[in-house]
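What follows is each chain in one-letter form.
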Amino acid sequence: MDEGASPNAAPLLPRGCTDVICCVFLLLAIVGYVAVGIIAWTHGDPRKVIYPTDSRGEFCGQKGTKNENKPYLFYFNIVKCASPLVLLEFQCPTPQICVEKCPDRYLTYLNARSSRDFEYYKQFCVPGFKDNKGVAEVLRDGDCPAVLIPSKPLARRCFPAIHAHKGVLMVGNETTYEDGHGSRKNITDLVEGAKKANGVLEARQLAMRIFEDYTVSWYWIIIGLVIAMAMSLLFIILLRFLAGIMVWVMIIMVILVLGYGIFHCYVEYSRLRGEAGSDVSLVDLGFQTDFRVYLHLRQTWLAFMIILSILEVIIILLLIFLRKRILIAIALIKEASRAVGYVMCSLLYPLVTFFLLCLCIAYWASTAVFLSTSNEAVYKIFDDSSCSLTAKTCNPETFPSSNESRLCPNARCQFAFYGGESGYHRALLGLQIFNAFMFFWLANFVLALGQVTLAGAFASYYWALRKPDDLPAFPLFSAFGRALRYHTGSLAFGALILAIVQIIRVILEYLDQRLKAVENKFAKCLMTCLKCCFWCLEKFIKFLNRNAYIMIAIYGTNFCTSARNAFFLLMRNIIRVAVLDKVTDFLFLLGKLLIVGSVGILAFFFFTHRIRIVQDTAPPLNYYWVPILTVIVGSYLIAHGFFSVYGMCVDTLFLCFCEDLERNDGSQERPYFMSPELRDILLKGSAEEGKRAEAEE
């Protein structure tokens, strides 16, 4: 901006398009992204993720197929799924068929054949099975399972219904089972085999229990999130009129909430004294899927109490040492409250950002699923004996009459996984990387658009000499229009730089996972250093981009010029940055903790049946921490959305304040644009900091 230009019109100066080349690149990339999505949607089949697949690669429970009424996958011998081949091929080396329902009784093929249960048994044999073979031939050819075991569906797959009765592991009402060759084995062997076969059976059970908790508590979770939204909105409104009082109330409430948490942990710690098993250490207990077990240990509550005490002490010490700076920060928050009051619709803008991010996430996720399911069915030879042709590809239609079938009489041509050898299939990894990169680019662009829009609206407030008379009629919509019309290229440029760093971090994480099995200390050290460096680089770029976007909103310069001007402006006011910007961030963090802590405590008392709302009570849950953690995380995101508007307002006003000090001197010819209250306390605080810095030198 020219030195002679009036800052009163700074945000509204006639502008030109900036970083046009980056805008063109973004549009071309979006066209390519749409093309990748169309290709993925043409070749992909998400049913491969949703529905289980039998030994012939056919879906179970899919409408329009012959297995439409057979939604569950049944394993002939689930113990064989414990084979290491499962980890390599993601398919059990045993016949699998789609069934209408899982077995509900214990029955062997030998017993069923000579009883009235044979018709029931045949529904678990391969499709088209005809009883024209001997028992040995049927079991050898894998036409029917040797034994049926009571099972329950889990993720549309039939797993043995294992439970304990008086300390004895049982399946149904049996403690032993017949292996199909006339001998009986202990059910514990089957249990261990089933656990190995699933590999993540306990994790799936945990996931199913968590899913059940969500199905019975989702409406209470929504109520908790609505309460968090109401508290956040009320807090922001009160902050508009009672900024100083609300900040101190917020500080005191955070200290009290943490204090209550420490007191509650101490009460639970004392209550468990002398109870049997409460002195077991966390290390000795190990990992348990039922997290409620940990709440019966004294060591758990002691750890919680120590963590909360440390957090309480840190906050109190920070408040003691930052008490004068907090007064200055409160003045800046008061000014931000006035700005937000004149641009109240800015509080709703995070909903626009949230909606656009949801679109980005939905497009990325759907494209990723279609890409990952665009492979073709690959069939391989499975044989329990030592056959040299095992794991070779085969054709299930011609396999019975092929030479491979004669060389390995006991072998089966069975669906193994989805893959392919064409050029498209070889390019899938690159397409997935491009999909992830475009997601980062577009998501960062959406966030940048929100930051420039809010910064433009609040800058219009600051540079209005007569507030609010000089404000535009619709400052938020005007800023949004300017950002899209003139600065799409600049936003794309900043988002591109950040996306490149983020995709590099993703690749480093992938390589780190692949190198975990390598015992090379130098490689691990190098990988750790690279991950740390790129993490720091990402944080720095985010900080620089945020301030560059503010300068773009104010002056309309391109990204590089704005980033350079913002960086040097902050460096020239580094003391004020440390005093004001970070202290206000700390105060906003306390506000988020207050809202999250209040809603979290309310959720804890409700879901643990310690309070009731009217006549309703909390539903019975497997893990009461599931809805509590969901409410806590959701409350933080909601509070962060509201406070992010205030944060952007404070950053914009702070940068405008620094620019105002350098451009003007308070005279009638060059008056300050800041409010008198803000000028008095900020200039006074800055003078005190300057004197202190000179004394230290």
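Residues numbered from 1 in each chain as written. Predicted model: local features only at pLDDT ≥ 70, side-chain atom pairs only at ≥ 80, totals over all residues. Heavy atoms only, no water.

(A) Summary view of the overall build of the protein chain. Looking only at helices and strands, one finds 23 helices and 12 strands in the protein chain. Buried residues in the protein chain amount to 45% of all 697 residues. Sequence-distant contacts in the protein chain: of pairs separated by 6 or more residues, those separated by 24 or more amount to 71%. For the protein chain, the accessible area works out to roughly 36000 Å², and carbon and sulfur atoms hold 64% of it. (Helix = DSSP H or I, 4+ residues; strand = E, 2+ residues; numbered from the N terminus. Buried < 20%, exposed > 50% of the residue type's maximum accessible area, 1.4 Å probe, protein only. Contact = heavy atoms within 4.5 Å. Areas by Shrake-Rupley, 256 points an atom, 1.4 Å probe, with all protein chains shown as cover.)

(B) Here's a closer look at helix α1 (residues 20-43). In this model, α1 (24 residues) spans 35 Å end to end at C-alpha, consistent with the 34 Å of a helix rising 1.5 Å per residue. Among all positions in α1, only Cys22, Leu26, Ala29, Tyr33, Val36, Gly37 and Ala40 are buried. Summarising the contacts, the buried residues of α1 are in contact with α13 (349-372), α15 (423-426), α16 (428-462) and α18 (488-514). (Expected span 1.5 Å × (residues − 1).)

(C) Layout of the state of the cysteines. Within the structure shown, the criterion is met by three disulfides. For Cys60, the disulfide goes to Cys98, at an S-S distance of 1.9 Å. Taking the sign of the S-S torsion, about -75° here, the bridge from Cys60 to Cys98 comes out left-handed. On the criterion of sequence distance, the pair formed by Cys60 in the loop between α2 (47-50) and β1 (72-75) and Cys98 in strand β2 (residues 96-99) is long-range, its members being 38 residues apart. For Cys98, a relative accessible area of 6% puts it in the buried group. A sulfur-sulfur separation of 1.9 Å characterises the disulfide bridge that pairs Cys125 with Cys144. (Disulfide = S-S within 2.5 Å.)

(D) Examining helix α11 (residues 298-321) more closely. Taking 1.5 Å as the rise per residue, α11 with 24 residues should run 34 Å; its terminal C-alpha atoms sit 35 Å apart, in good agreement. Every buried residue of α11 is listed here: Arg298, Thr300, Trp301, Met305, Glu312, Ile315 and Leu319.

(E) The arrangement of the pattern of salt bridges in detail. Counting across every chain of the model gives 12 salt bridges. The partner of Asp104 in a salt bridge is Arg105, with the nearest N and O atoms 3.2 Å apart. Looking at Asp104, the relative accessible area reads 46%, which means it is partly exposed. Under the relative-accessibility criterion, Arg105 is labelled partly exposed at 31%. When the shortest N-O distance is used, the salt bridge between Glu538 and Lys542 registers 3.4 Å. Here Lys542 and Glu538 lie together in helix α19 (residues 521-555), a separation of four residues that amounts to about one turn. Using a relative accessible area of 7% as the deciding quantity, one classes Glu538 as buried. For Lys542, a relative accessible area of 36% gives the class partly exposed. Shared partners join several salt bridges into a network, and the residues in it are Asp104, Arg105 and Asp117. (Salt bridge = Lys/Arg side-chain N within 4 Å of Asp/Glu carboxyl O.)

(F) Region of the structure containing the confidence of the model for the protein chain. Scored by pLDDT, the protein chain has a mean of 78; 81% of the residues are at 70 or more. The least confident element of the protein chain is helix α3 (residues 85-89), whose mean pLDDT is 43; the most confident is α1, at 92. In this model residues 164-169 is a low-confidence stretch, pLDDT under 50, and it forms 11 contacts with partners more than four residues away in sequence or in other chains. In the predicted structure, residues 173-201 sits below a pLDDT of 50 and forms 59 contacts with residues beyond four places in sequence or in another chain. (pLDDT = per-residue confidence, 0-100.)

(G) Structural detail: unusual backbone geometry. In this structure, Asp19 is a non-glycine residue whose phi angle is positive, near 50°. By secondary structure assignment, the location of Asp19 is in the segment before α1.

(H) Structural context of the packing of α1 against α18. Remark: α1 packs on α18, axes separated minimally by 7 Å, with the N-to-C direction vectors making an angle of 70°. Put simply, α1 runs roughly perpendicular to α18. Seen from α1, the contacting residues are Cys22, Cys23 and Leu26; seen from α18, they are Thr488, Gly489, Ala492 and Phe493. Its residues assigned to classes, the contact of α1 with α18 comprises five nonpolar, two polar and no charged. (Axes fitted to C-alpha atoms, helices over the stretch in contact; angles between N-to-C directions. Parallel < 35°, antiparallel > 145°, perpendicular 65-115°, else oblique. Nonpolar A, V, L, I, M, F, W, Y, C, P; charged D, E, K, R; others polar.)

(I) Main features of the environment of Phe567. With respect to the helices and strands, the residue Phe567 is situated in helix α20 (residues 559-572). When its relative accessible area of 28% is taken as the criterion, Phe567 is described as partly exposed. Separated by 24 residues in sequence, Phe567 and Phe543 have C-alpha atoms that sit 9.6 Å apart. Sequence-distant contacts of Phe567, that is, excluding residues within four places in its chain, are made with Phe540 and Leu544.

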